[in-house]
Amino acid sequence: MLQPKKKRAKMKKTMSGMIMLTLLSSLILPGVAGARPAVTSQIEFSNVSVQAGQSVKVPVKLTQNEYPVNAYNMQIDYDKSTLEVVRITPAASGIIASSATETGVPDFQYQINNAEGWVRIIWVNSKDRSQEDSGLIDAGQSLFEMEIKAKSNAAPGTTHLTVDQNDTEHWRFNNLEYSPPAELSGGTITITAASSGGNSSSPSTPDSGSSSGGGTSVSSPVSSPAPSAPSTPAATKGVDIYVNGQKQEQSATASTSTAGNKVTTTIHVDNNKVINQVGNGLRTLLLPVTGTGTNTVVGELNAKLVKTMEGSNAEVVIQTDTGTYTLPASQIKVDQVVKQLGSTASLEDVTVQIAIAPSNETKKAAIEAAASKIGNTTVVASPVDFEVKAVYNGQQIDVNRFNAYVERSITLPEGVDGSKITTGVVLQADGTMLHVPTKVIKGKVNDSAVINSLTNSTYALIYHPTTFNDISSHWSRADVEDLASRLVVEGEGDQQFAPDRSITRAEFTAVLLRGLGLHSPENDVTTAFTDVKADSWYENEVQTAVSYGLISGYTDNSFRPNSEISRAEALTIVSRAMKLVELAQADASETANLLGTYSDGSKVQPWAAESVASAIKQGLVQGDEGKLMTDADVSRAQTAAIVKRLLAKAGLI
């Protein structure tokens, strides 16, 4: 057993003195002649089972006592080669401190030393004992809870949490009368072999390409493979978080661990403390983690907090050196997630992990390979994974799809000019990369690229300047070049774009979807169009557009993919896309006035009137010589202009 007396960091003198005076003064009573024997207090460490590479919670309870406990101190030793302590959560305390200071007197102090394999805990009740809630701990109540992780290379078997009960610096309890003897039971941890998943302290990053598709799904918990180099135990410290811009001290802890060459910093939110802020109008929970470079950062909060934030329309923001992830709590769809985890899952026990991680070497190589196939394309910033998942009792839910655009940003490397970014791209499962709506924000030191998407996936930044010989003097040049550099529109060969050629219904749909960053169906919808052939180039586009409610086809169950699309039809599809990007549409009272500003406004078909009016309201169409000409075909140049205006108006580019 480790005996870290000399190396152990000393707790604050004021706290140590308070505890020792309380304990020592009470030792007189049991020794008085005729005094009855002291009743032994019973402390129980729960026996638990955990898979290698996963975390488990170990409750510590007072199961028997004579008088309520008002102070205790203990040192718990464990096998540092197989276990590491992630965090300590007290059941009853006022101020909590994870390190000693010389000002103030925290009720609960602790120190975790994973390098030597021990954790030291001191608690003293500071509440007024005359009050109804005196803060004392009685039989059946919890002292604290330990979250312990079995290392990924831990061998199956049993290990134990132990305490030197003969050393009063390691094991002592005090009640209102005296310092009773105390016995410990339990503390056996059974480690099982790692399976294909787990409730790990950080999300797994598969070594294969990631798809932007796939919805909220249940999968077996994924455990990390054994690292090629020894793991470095997690070091835990208190960190500051922000609620509505106001610093919240002692409301979270951070632990950093290393496995192989992967460094992960995990922020563990004090869920109850943040929930208490809801009454004050909780809007934003910011978890800033700086100084970690390109390391993986994971924000952890439980489903109860997520549900509470959802009711307040609040969002959680993870801010790192690599980038920032801004996620409205409502987009996690916590009720749906918990339901999939099973009826026995409680909100408090479901952990939601929000992660920003540098992509693995396989994904980096895939991005470079995809860029080389496009030509004139440079990968400016290495790919980054944005992940959201919920874990509970050996199950894992990946939250990959959202009902609204979710913002995340990638910080450009120092010295990289944001003007050398044309777009962000998402890596597909087949190794291709496709456009996602991206805009560059200039910074004082580093520029950043803000990406908005309806999915989670792997994202990178590219530079792909593009022009065409036949648009040098065309009115659409700026719009076409912009969308071409974003991989949204393509030429017709020989550096030609053919700006004035009419566009088909399938082509218009494809360009709009690429601009919006919609590359796969939202659900398992199947099209019933009689003229959409399987394996046609537009089959996926049509299915995707149907799943998002952008197209519906004709009454004869046809889509007519190769027919030219009219302006009225195109604007009807665009008006439906406006709902996705949350642009206000024209209501019935506005429609007549908006159409009335054009000489042929009265000729707009009734089925298209509100859609055309909505496009006018948002400045997506301008007409030609005072006319809308809604029956005319749409050209390739007009398509580029409409799609770019839609994205710009929505703030996506």
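Residues numbered from 1 in each chain as written. Predicted model: local features only at pLDDT ≥ 70, side-chain atom pairs only at ≥ 80, totals over all residues. Heavy atoms only, no water.

Chemist: Quick question: what am I supposed to make of the packing of helix α11 (residues 588–595) against helix α12 (residues 606–617) here?
Modeler: How two helices sit against one another is set out by the angle between their axes and by the gap between those axes. Interhelical geometry of α11 versus α12 gives an angle of 70° and a closest axis separation of 9 Å. It follows that α11 is roughly perpendicular to α12 by the angle criterion. Facing Ala588, Glu590, Thr591, Leu594 and Leu595 of α11, the residues of α12 in contact are Ala609, Glu610, Val612, Ala613, Ile616 and Lys617. Class assignment of the residues belonging to the contact of α11 with α12 gives a composition of seven nonpolar, one polar and three charged. (Axes fitted to C-alpha atoms, helices over the stretch in contact; angles between N-to-C directions. Helix = DSSP H or I, 4+ residues; strand = E, 2+ residues; numbered from the N terminus. Parallel < 35°, antiparallel > 145°, perpendicular 65-115°, else oblique. Contact = heavy atoms within 4.5 Å. Nonpolar A, V, L, I, M, F, W, Y, C, P; charged D, E, K, R; others polar.)

Chemist: Got a minute to help me understand the nonpolar core in this structure?
Modeler: Where a protein is soluble and globular, its nonpolar side chains tend to be buried together. Within the largest apolar cluster, 60 residues are counted, with the highest numbers of intra-cluster contacts made by Leu516, Leu550 and Leu646. Elements supplying a minimum of two residues to this core: α7 (477–485), α8 (505–516), α9 (539–547), α10 (567–580), α11, α12 and α13 (636–649). Those residues within four positions of Leu646 in sequence are excluded, and the remaining contacts are Leu512, Leu516, Val574, Ala577, Met578, Val581, Leu583 and Leu620. Membership of the second largest hydrophobic core comes to 56 residues, among which are Ala329, Val334, Val337 and Val426. (Core = buried A, V, L, I, M, F, W, Y, C linked by side-chain atoms within 4.5 Å. Buried < 20%, exposed > 50% of the residue type's maximum accessible area, 1.4 Å probe, protein only.)

Chemist: Sorry, what's going on with empty space enclosed by the protein here?
Modeler: Regions of empty space are outlined by a rolling probe, equal in size to a water molecule, passed over the atoms. Inspection of every chain in the model, using the stated rule, returns two cavities of 30 Å³ or more. One number sums up the size of the second largest cavity: a volume of about 30 Å³. In terms of lining residues, the second largest cavity is bounded by Val39, Ser41, Asn65, Glu66, Tyr67, Val69, Asn174, Asn175 and Pro180. Its residues assigned to classes, the lining of the second largest cavity comprises four nonpolar, four polar and one charged. (1 Å grid on protein atoms, 1.4 Å probe; cavity = no way out; pocket = protein on both sides within 12 Å on 5 of 7 lines; lining within 4 Å. Points joined across faces, edges and corners; volume = space filled by probe spheres on them.)

Chemist: Could you clarify how one ought to interpret α8 in this entry?
Modeler: Think of an α-helix as 3.6 residues a turn; residues three or four steps apart then line up on the same face. End to end, α8 covers 17 Å across twelve residues, agreeing with the expected 16 Å (1.5 Å per residue, within 8%). When you tally the buried positions in α8, you get ten out of twelve residues, the bulk of the element. Turning to α8, its buried residues are Arg505, Ala506, Phe508, Thr509, Ala510, Val511, Leu512, Leu513, Gly515 and Leu516. Where the residues of α8 are buried, they touch β25 (401–411), β27 (433–436), α9, α10 and α13. (Expected span 1.5 Å × (residues − 1).)

Chemist: Whenever I open this one, the packing of α10 against α13 confuses me. Can you help?
Modeler: Interaxial distance between α10 and α13 falls to 11 Å at its minimum, and their mutual angle equals 20°. Taken together, α10 and α13 sit at an angle that is classed as roughly parallel. The handedness of the crossing between α10 and α13 comes out as right-handed. Contacts between α10 and α13 involve Arg567, Leu571, Val574, Ala577 and Met578 from the first element and Gln638, Ile642 and Leu646 from the second. Tallied by class, residues from the contact of α10 with α13 come to six nonpolar, one polar and one charged. (Left-handed = near helix turned anticlockwise from the far one by under 90°.)

Chemist: So what exactly am I meant to see when it comes to α10 here?
Modeler: Taking 1.5 Å per residue, 14 residues should reach 20 Å; α10 reaches 20 Å between its end C-alpha atoms and fits that length. Most of α10 sits inside the fold, with twelve of its 14 residues counted as buried. Among all positions of α10, only Arg567, Ala568, Glu569, Ala570, Leu571, Thr572, Ile573, Val574, Ser575, Ala577, Met578 and Leu580 are buried. Here the buried face of α10 lies against β25, β29 (448–455), α8, α12 and α13. Count one or two residues on from α10 and you reach Glu582, which has phi positive near 60°.

Chemist: Is there a simple way to explain the pairing of strand β1 (residues 41–45) in this structure?
Modeler: Remember that side chains alternate between the two faces of the sheet whenever the strand is regular. Of the two faces of β1, only the one carrying Ser41, Ile43 and Phe45 is buried; Gln42 and Glu44 on the other face are not. As paired strands, β1 and strand β12 (residues 182–186) are joined by five bridges and run parallel to one another. By the bridge assignment, Ser41 is partnered in β12 with Ala182. Direction of pairing for β1 relative to strand β3 (residues 55–64): antiparallel, over a ladder of four bridges. Counterpart to Gln42 in the pairing with β3 is Gln64. (Pairing = 2+ DSSP bridges.)

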